[in-house]
There are 2 protein chains.
Amino acid sequence: MDYQTPQFFHVMQYADDADGDIIDMVSGNPDWEPPAAIREGLHEYADSDADEFQYPPSDGLQSLREEIAARRNVDPDRVIVTNGTSEANYLGMARALDGDCGDGVVLIDPVYPYYTGKASMLGGDTRLVEANRDGGLDTEATCEAIDDDTAVIVLNTPNNPTGAVYDLNAVEAVVETAADHNAIVVVDEVYDHFDFSGDFESALMLDADNVIITSGVSKSMAITGFRIGYAVVPPALVAAAKTRHMLVNVTTSRPAQQAVYEAYRETDPDYYADARDRLESRIESVTAALDAAGADYTKPDGAFYVLARFDDFPGTMANVKTLIDEAGVAGMPGATFGSAREEWIRFALVTPRVEAAAERLIDYFAD
Amino acid sequence: MDYQTPQFFHVMQYADDADGDIIDMVSGNPDWEPPAAIREGLHEYADSDADEFQYPPSDGLQSLREEIAARRNVDPDRVIVTNGTSEANYLGMARALDGDCGDGVVLIDPVYPYYTGKASMLGGDTRLVEANRDGGLDTEATCEAIDDDTAVIVLNTPNNPTGAVYDLNAVEAVVETAADHNAIVVVDEVYDHFDFSGDFESALMLDADNVIITSGVSKSMAITGFRIGYAVVPPALVAAAKTRHMLVNVTTSRPAQQAVYEAYRETDPDYYADARDRLESRIESVTAALDAAGADYTKPDGAFYVLARFDDFPGTMANVKTLIDEAGVAGMPGATFGSAREEWIRFALVTPRVEAAAERLIDYFAD
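Residues numbered from 1 in each chain as written. Chains lettered and ligands numbered in written order. Predicted model: local features only at pLDDT ≥ 70, side-chain atom pairs only at ≥ 80, totals over all residues. Heavy atoms only, no water.

The next subject is the packing of aromatic side chains. Residue and element names in this part refer to chain A. In total, this model carries 34 aromatic pairs over all chains according to the counting rule given. Summarising the aromatic geometry, the rings of F194 and F304 are spaced 5.3 Å apart at their centres and angled 65° between planes, so their arrangement reads as edge-to-face. On the criterion of sequence distance, the pair formed by F194 in the loop between β6 (184-188) and β7 (211-216) and F304 in the loop between β9 (296-297) and β10 (305-309) is long-range, its members being 110 residues apart. For F194, a relative accessible area of 1% gives the class buried. (Phe/Tyr/Trp six-rings, centres within 6.5 Å; stacked < 30°, edge-to-face > 60°. Helix = DSSP H or I, 4+ residues; strand = E, 2+ residues; numbered from the N terminus. Buried < 20%, exposed > 50% of the residue type's maximum accessible area, 1.4 Å probe, protein only.)

As a further point, take the sheet that holds strand β4 (residues 125-130) of chain B. Residue and element names in this part refer to chain B. Read across the open sheet, the seven strands follow the order β2-β8-β7-β6-β5-β3-β4; overall the sheet is mixed. Single-partner strands in this sheet number two, and they are β2 (79-83) and β4. On average, each strand axis in the sheet is inclined to that of its neighbour by 25°, with strand direction left out of account. Two elements, β2 and strand β8 (residues 228-232), share five bridges in a ladder whose sense is antiparallel. Bridge pairing in β8 links N83 to I228. Docked against the sheet, helix α3 (residues 62-72) engages β2, β7 (211-216) and β8, running at close to 115° with respect to β2. (Pairing = 2+ DSSP bridges. Axes fitted to C-alpha atoms, helices over the stretch in contact; angles between N-to-C directions. Contact = heavy atoms within 4.5 Å.)

Residues and elements named next belong to chain A. Tracing the chain through its elements places I184 in strand β6. Taking the relative accessible area as the measure of exposure, I184 reaches 10% and is therefore buried. Separated by 24 residues in the primary sequence, I184 and A208 place their C-alpha atoms 9.9 Å from one another. Beyond its immediate stretch of four places on either side in the chain, I184 contacts A96, A151, V152, I153, N210, I212 and L237.

Right, let's talk about the pairing of strand β5 (residues 150-156) of chain A for a bit. Residues and elements named next belong to chain A. Judged by how many residues are buried, β5 sits mostly within the fold: seven of seven residues are covered. Taken together, the four bridges between strand β3 (residues 104-109) and β5 define a ladder with parallel strand orientation. In the sheet register, V106 faces β5, and the bridge partner there is I153. Across five bridges, the pairing between β5 and β6 is parallel. By the bridge assignment for β6, N156 is matched with D188.

All names here are of chain B. Helix α12 (residues 354-366) packs onto helix α10 (residues 269-292) with a crossing angle of 5° between their chain directions and a minimal axis gap of 9 Å. With respect to their mutual orientation, α10 and α12 come out roughly parallel. Contacts between α10 and α12 involve R282, S285, V286, A289 and A292 on the former and, on the latter, V354, E355, A358 and I362. (Parallel < 35°, antiparallel > 145°, perpendicular 65-115°, else oblique.)

UniProt tags residues 21-352 of chain A as "domain: Aminotransferase class I/classII large" (unreviewed entry). Between the first and last C-alpha atoms of residues 21-352 of chain A the distance is 14 Å; the span itself is 39% helix and 17% strand. (UniProt positions renumbered as here; feature names shortened; annotations may be inferred.)

The next subject is the pattern of salt bridges. Opposite charge on two side chains makes pairing possible when the charged atoms of those side chains draw close. Residue and element names in this part refer to chain B. Within the structure shown, the criterion is met by 30 salt bridges over all chains. For K242, the salt bridge is made with D59, and the minimal N-O distance between the two is 2.9 Å. Here K242, found in helix α8 (residues 235-249), pairs with D59, found in the loop between α2 (36-46) and α3; they are 183 residues apart in sequence, far enough to count as distant. The burial state of K242 is the same as that of D59; both residues are buried. (Salt bridge = Lys/Arg side-chain N within 4 Å of Asp/Glu carboxyl O.)

Two strands in a sheet stick together by hydrogen bonds in their backbones, pointing the same way (parallel) or opposite ways (antiparallel). Residues and elements named next belong to chain B. Read from one edge of the open sheet, four strands run β9-β10-β13-β12, paired in antiparallel fashion. The outermost strands of the open sheet, each flanked by one partner alone, are β9 (296-297) and β12 (332-333). One ladder, built from four bridges, connects strand β10 (residues 305-309) with strand β13 (residues 345-348); its direction is antiparallel. Note that in β13 the partner of V306 across the bridge is F347.

Our next topic: helix α3 (residues 62-72) of chain A. All names here are of chain A. Among all positions of α3, only L64, R65, E67, I68, A69 and R72 are buried. Those residues of α3 that are buried are in contact with β2 (79-83), β7, β8 (228-232), α8 (235-249) and α9 (254-266). Just downstream of α3 lies N73, where phi reads positive at about 60°.

Across a regular strand the side chains alternate sides, sitting on one face of the sheet and then on the other. Residues and elements named next belong to chain B. Of all six residues that make up β7, six are buried, and the element is covered over most of its length. Alternating positions in β7 separate into two faces, V211, I213 and S215 on one and I212, T214 and G216 on the other, with burial throughout. Strand direction decides the pairing type here: strand β6 (residues 184-188) and β7, joined by four bridges, are parallel. Bridge assignment links V187 to a residue of β7, and that residue is I213. Taken together, the four bridges between β7 and β8 define a ladder with antiparallel strand orientation. By the bridge assignment for β8, I213 is matched with V232.

Right under this line is the structure:
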């Protein structure tokens, strides 16, 4: 079996190796400080008793699971602490594909490439459904793509790479159609703290027994390297998901779990609000530059990416490398995200140099 | 698809919930201090720049991979830092089962139950081959069990639960037979620091292109909760293993990686020697008690477990619970480890109370 390797590390490496000063708008690494309690939590943990250096429960530290459960208003038994949101998505998709409900995987195009990679790794047969022009869910087309061979539909809201925040009614329609076909819906909400529209509502609100919610603190706490995510799994599906988690990873790294627990408890809501303000200001800078460059784009309602299309400069890997070499700005090729936005380039707004990047884009494309 | 849930957490929970004072000889958690550099490394990391809190390379911090590669005398490109040795075993078995070489999995009985769980999770068809009476590899029977449908053979040396240290010639015979059938051999060497015989030799010595070595520092550095393991993969197989690692976990938790890197650099060999001395003394205590109780056992050459059989007291889950309730000693039922040692009970020697446990066993079985 072959499965696709996501190209993020490839582009980052190219940018690292390039001559000159490159502004990295490739990776989804927040560039701001984590909550102070992350650092304090690690210091405290470093001095704890040796027995706290041993296996925590497989599904996560009880304290952390209860904290997450309280925040999401669910039973702690439904929460699995995972090695990042990525493992949570893997567990959800695997649980669906392990069932007797076929091997169909419905994904929304543009698509986060880890979803397609996981689908092929798990033996799934992927069907891509194009998003609306603005990145929103095309409810009718999505529901039409679901049939009795569909095991799982993966949704991501707020969306990477489009920045769309899905309407909960649209998500509900997909969930109901999925239920009619015994399919599971995995809803990846890792950007839930980055909603600029005020319209984001978690799919947990649907209280549906075929919905697995995944999220994590990689983005919200600016600690992508810690690998703390979680899945909230319906009661009937949770035992199998926990078993797979145990068989693959045994459990999630404890220093990171403990630090995140402390940060959940100690971090003021202003921390998250400041990150949103910072990103909204960056969105203004970049979209103004895109206007000046005559580029096409949709202003993101959430997450922290902007997709843009430039005239006569399709977002191929070759052109992305040209942009790195000639403009000093590194983005991701649209073709990385399926076929619906092949002509586009994704810019991540998680660099303090967004304004400088915006100027470089104007200079380059205004020529 | 159903797959088996390892029973360790179940027995630990039973022991936790039991009345009275229970000596835990269930889990494989070292009870001694980690190297001082683990704590220092965490403190240093906690104060590092925010960008060090973001994604490390998917296959692990370069510094850590180079450190492991130097110690194992292999090219760093062959090293993948994993979420514990367990993920490394998963990657190795998955790589083998993803090939076109059938779905047969050959395991040695008694068997570490995570191997059987992973095999069924990955769609493998498991064949158990009984170990020799002393726990050593039955080379002839193992080689006979390998055929063209065999994708992977998993060996574990020093062995959990038998304590056997495999002869390298025996491993080599299995590796050569496997090569004749295009099968991969995963050799789990996580107990490589706990060799009391002086005879342990890593399967890396064989320099075979169908051998994946897995190991980690959970046991050697007494940090089972950190989840730092690694795989050393032959060049032809490494790209696919790295892709699966990326698709499941993205990468391994960075605070733990950094602390382990520091500990590799700063820890004196005496640290590991002291742990071996401590365990050898515990082996003496327990085997003396087993002699006094008239039990059957093989003195372990490596790892930190003793398997014992008591007259008229087979190691069923029910009897293990009886032993918890009536003797205050918690072990693992032999049936957890396949069928070859169903009548036996495994005692882990990673408690400072081994002598007290030995006395309790004498009191209980001398009645």
